[in-house]
Amino acid sequence: MEQRTFGRTGRQVSVIGLGAWQLGADWGEVDEDDALATLSEAVDAGVNLIDTADVYGDGRSERLIGRFLRERGGDITVATKMGRRVAQVPEHYTLDNFRAWNDRSRENLGVDTLDLVQLHCPPTSVYSTDAVYDALDTLVAEKRIAAYGVSVETRAEALAAIARPGVATVQIILNMLRLGPLAEVLPAAREAGVGILARVPLASGLLSGRYDEHTTFAENDHRNFNRHGEAFDVGETFSGVDFATGLEAVRRLSPLIPAGATMAQFALRWIVDQPGVSVVIPGARNPQQARANAEAANLAPITAEAAATVRQVYDELIAPQIADRW
């Protein structure tokens, strides 16, 4: 699989990674055997970056990845996140808390030094607080972490983080229904040498092409309980797009799918083709999904005609709802 430089970390990572939220919680049940098999299949298919967080299943995702690393080994970069296990107030983003959170993640993952720790969509003011970055630099000096980045909700938060010299990576929602980062964020990241992790690449499954108006989701699936932002930022669920509107967008995009590919693979390839993206991190709940996601890297680049249609569908259907929001 194609490898790209992972921002200021200097690491080489596969253009398709694996998002491991679903191995922890909030996507229905994924048992331990299936989780480990999914991790194994992804790595067998060329994936060498796994993205997780300390809050996914309250550490379950990290612990499963830690077990996999012990049993499998190999040169795998694990990007974790911190900060969402406490009330979201800026006062909690302190060096002492960072040390405690990182020590827990190091134990969960079974490592001395975390490859990459990302602030997990904290309150907006955190991104511009000097003391926060001083604390993160201290963690690097203490070898608790090798590098740090941020996960953001908005373009403004991304740009604030990119301007900081120690920020190695920015994680942001980017997909065919969320084009906002293309104009400013990706060019700024390229200029600064900051890596970009594209998350929610399939718009919570909307861009898989497998859903319709009759699709239902489990009670413990965020696509059920957070559809209107009841639990966390609504932009994390279906990218903040109204479900019916998203389905219509997918119907208009589906004729663009290359022969032999799926809608999901086409959507992932579109992200890979965006200049400035380091890695796209689709989730997978089983080995078959992990393999299919990885194979998207083998598709030919998206044609100019297809890219123009993606923009047209976004401008007509999606932008009126969300263009200025994130």
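- You'll find the protein chain entered in an unreviewed UniProt entry as Aldo/keto reductase, with Rugosimonospora acidiphila given as the organism.

## Some words on helix α9 (residues 263–272)
Inference 1: Burial analysis of α9 places 10 of its 10 residues in the buried class, the great majority of the element.
Inference 2: Structurally, α9 contributes buried residues whose contacts are with β1 (3–5), β9 (195–199), α8 (243–253), β10 (279–280), α10 (287–295) and α11 (304–322).

## What to know about unusual backbone geometry
Inference 1: Positive phi, normally seen in glycine, also occurs at Asp 58, with a value near 55°.
Inference 2: As for its position among the elements, Asp 58 is in the loop between β4 (49–51) and α2 (60–72).
Inference 3: Although it is not a glycine, Phe 238 sits at a positive phi angle of roughly 55°.
Inference 4: Among the structural elements, Phe 238 can be located in the loop between α7 (222–225) and α8.
Inference 5: You can call Phe 238 buried: its relative accessible area is 1%.

## Description of the packing of helix α5 (residues 155–162) against helix α6 (residues 185–192)
Inference 1: Between α5 and α6, whose axes approach to 10 Å, the crossing angle comes to 10°. The orientation of α5 with respect to α6, classified from their angle, is roughly parallel. In contact with Arg 155, Ala 158, Leu 159 and Ile 162 of α5, α6 contributes Val 185, Ala 188, Ala 189 and Ala 192.
Inference 2: Looking at the contact of α5 with α6 residue by residue, the classes come out as 7 nonpolar, no polar and 1 charged.

## Some remarks on the packing of aromatic side chains
Inference 1: Inspection of every chain in the model, using the stated rule, returns 10 aromatic pairs.
Inference 2: Here the aromatic rings of Trp 21 and Tyr 56 are separated by 5.7 Å at their centres, their planes lie at 20°, and the arrangement is stacked. Of this pair, Trp 21 sits in the loop between β3 (18–19) and α1 (32–44) while Tyr 56 sits in the loop between β4 and α2, and the two are 35 residues apart along the sequence.
Inference 3: For Trp 21, a relative accessible area of 16% gives the class buried.
Inference 4: Judged by centre distance (5.9 Å) and plane angle (55°), the rings of Phe 217 and Phe 238 are tilted. Linking Phe 217 in the loop between β9 and α7 with Phe 238 in the loop between α7 and α8, this pair joins segments that are 21 residues apart in sequence. The pair Phe 217 / Phe 238 is uniform in exposure class, with both members buried.
Inference 5: Taken together, the ring pairs in this structure connect Trp 21, Tyr 56, Phe 225 and Phe 232 into an aromatic cluster.
Inference 6: The ring of Phe 243 has Arg 227 sitting right over it, with the charged end atom 4.6 Å from the ring centre.

## Section: the packing of α1 against α10
Inference 1: Orientation of α1 relative to α10, taken along the N-to-C sense of each, is 25°, at an axis distance of 8 Å. The orientation of α1 with respect to α10, classified from their angle, is roughly parallel. Crossing of α1 over α10 shows right-handed handedness. Contacts between α1 and α10 pair Ala 37, Thr 38, Glu 41, Ala 42 and Asp 44 from the former with Pro 287, Ala 290 and Arg 291 from the latter.
Inference 2: A class-by-class count of the residues in the contact of α1 with α10 yields 4 nonpolar, 1 polar and 3 charged.

## Things to note about α1
Because each turn of an α-helix spans 3.6 residues, side chains separated by three or four positions in sequence point in the same direction.
Inference 1: Here α1 spans 18 Å end to end across 13 residues, near enough to the 18 Å set by a 1.5 Å rise per residue.
Inference 2: Considering only its buried residues, α1 is in contact with β3, β4, α2 and α10.
Inference 3: Residue Asp 31 occupies the N-cap position of α1, its side-chain oxygen lying 3.2 Å from the main-chain nitrogen of Asp 33.
Inference 4: Gly 46 sits one or two positions beyond α1 and adopts a positive phi of about 110°.

## Things to note about the nonpolar core
Inference 1: Of all hydrophobic cores here, the largest spans 95 residues; its most connected members are Phe 98, Leu 119, Leu 136, Val 170, Met 176 and Leu 207.
Inference 2: Leave out the neighbours within four places in its chain, and Met 176 touches Leu 207, Leu 253, Met 263, Phe 266, Ala 267, Trp 270, Val 310 and Tyr 314.
Inference 3: Core analysis: the next-biggest nonpolar cluster, separate from the first, contains 10 residues, Phe 6, Val 13, Ala 79 and Val 279 among them.

## Quick look at the pairing of strand β8 (residues 167–173)
Inference 1: Burial analysis of β8 places 7 of its 7 residues in the buried class, the great majority of the element.
Inference 2: Both strand β7 (residues 148–151) and β8 contribute to a ladder of 4 bridges, which runs parallel. Bridge pairing in β8 places Gly 149 opposite Thr 169.
Inference 3: Handedness of the crossover joining β7 and β8 through α5: right-handed.
Inference 4: Examined bridge by bridge, β8 and β9 share 5 bridges and lie parallel to one another. Bridging across to β9, Val 170 finds its partner in Ile 196.
Inference 5: In terms of handedness, the path from β8 via α6 over to β9 forms a crossover that is right-handed.

Criteria and thresholds
- Residues numbered from 1 in each chain as written.
- Predicted model: local features only at pLDDT ≥ 70, side-chain atom pairs only at ≥ 80, totals over all residues.
- Heavy atoms only, no water.
- Buried < 20%, exposed > 50% of the residue type's maximum accessible area, 1.4 Å probe, protein only.
- Helix = DSSP H or I, 4+ residues; strand = E, 2+ residues; numbered from the N terminus.
- Contact = heavy atoms within 4.5 Å.
- Axes fitted to C-alpha atoms, helices over the stretch in contact; angles between N-to-C directions.
- Parallel < 35°, antiparallel > 145°, perpendicular 65-115°, else oblique.
- Nonpolar A, V, L, I, M, F, W, Y, C, P; charged D, E, K, R; others polar.
- Phe/Tyr/Trp six-rings, centres within 6.5 Å; stacked < 30°, edge-to-face > 60°.
- Lys NZ or Arg CZ within 6 Å of the ring centre and 35° of its normal.
- Left-handed = near helix turned anticlockwise from the far one by under 90°.
- Expected span 1.5 Å × (residues − 1).
- Polar contact = N/O pair within 3.5 Å; in protein donor to acceptor, adjacent residues only side chain to side chain.
- Core = buried A, V, L, I, M, F, W, Y, C linked by side-chain atoms within 4.5 Å.
- Pairing = 2+ DSSP bridges.
- Right-handed = clockwise from strand over helix to strand, strands pointing away.

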